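# Analysis of the macromolecular model
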Amino acid sequence: MSVKAVVEELASEVPAGDFPALEEKIYRTIELLKAAREARAHAERDAQRLRQQLEQREDEFTALKRELVQLRKEREEVRSRVEKMLRQVDDAAQEAAS
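## Observations concerning the overall build of the chain
- When you go through the chain residue by residue, the secondary structure sums to two helices and zero strands.
- Burial analysis of the chain (98 residues in total) assigns 5% to the buried set.
- Carbon and sulfur atoms make up 56% of the accessible area of the chain, which totals about 9000 Å².

## Describing the pattern of salt bridges
- The full count for this structure, using the stated rule, is five salt bridges.
- Ionic pairing is found between Glu44 and Arg40, a salt bridge with its closest N-O pair at 3.1 Å. Here Glu44 and its partner Arg40 are both found in helix H2 (residues 19-97), four residues apart, which amounts to about one turn of the helix.
- Residue Glu44 is classed as partly exposed on the basis of its relative accessible area, which comes to 43%.
- Between Asp46 and Arg49 there is a salt bridge, and its shortest N-O distance comes to 3.6 Å. Of this pair, Asp46 and Arg49 both sit in helix H2, three residues apart, roughly one helical turn.
- Taking the relative accessible area as the measure of exposure, Asp46 reaches 25% and is therefore partly exposed.
- Put simply, Arg75, Glu76 and Arg79 are held in one network by salt bridges that share partners.

Each value, and the rule that gives it
Residues numbered from 1 in each chain as written. Predicted model: local features only at pLDDT ≥ 70, side-chain atom pairs only at ≥ 80, totals over all residues. Heavy atoms only, no water. Helix = DSSP H or I, 4+ residues; strand = E, 2+ residues; numbered from the N terminus. Buried < 20%, exposed > 50% of the residue type's maximum accessible area, 1.4 Å probe, protein only. Areas by Shrake-Rupley, 256 points an atom, 1.4 Å probe, with all protein chains shown as cover. Salt bridge = Lys/Arg side-chain N within 4 Å of Asp/Glu carboxyl O.

If you want it as structure tokens, here you go:
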């Protein structure tokens, strides 16, 4: 609710001669405004912290993705070398059997 709307609502509730009641409502409105500003500042700090955490997680994700690609490449290289060695062992076994 905007400050203007709160003031208009308060003005409609308070008779013209009831200044102390109006004064009390104005102070309450000021306290509500302070609380709303504090809550907004807190929410902005939380949002900033969450943005930083998200950025860190994105960086970690990128690094892990890169590492995964590298590990898969290495696994394929090892698989290829093992298959080559197994073929050589098979060839040697066939020669020995002949």
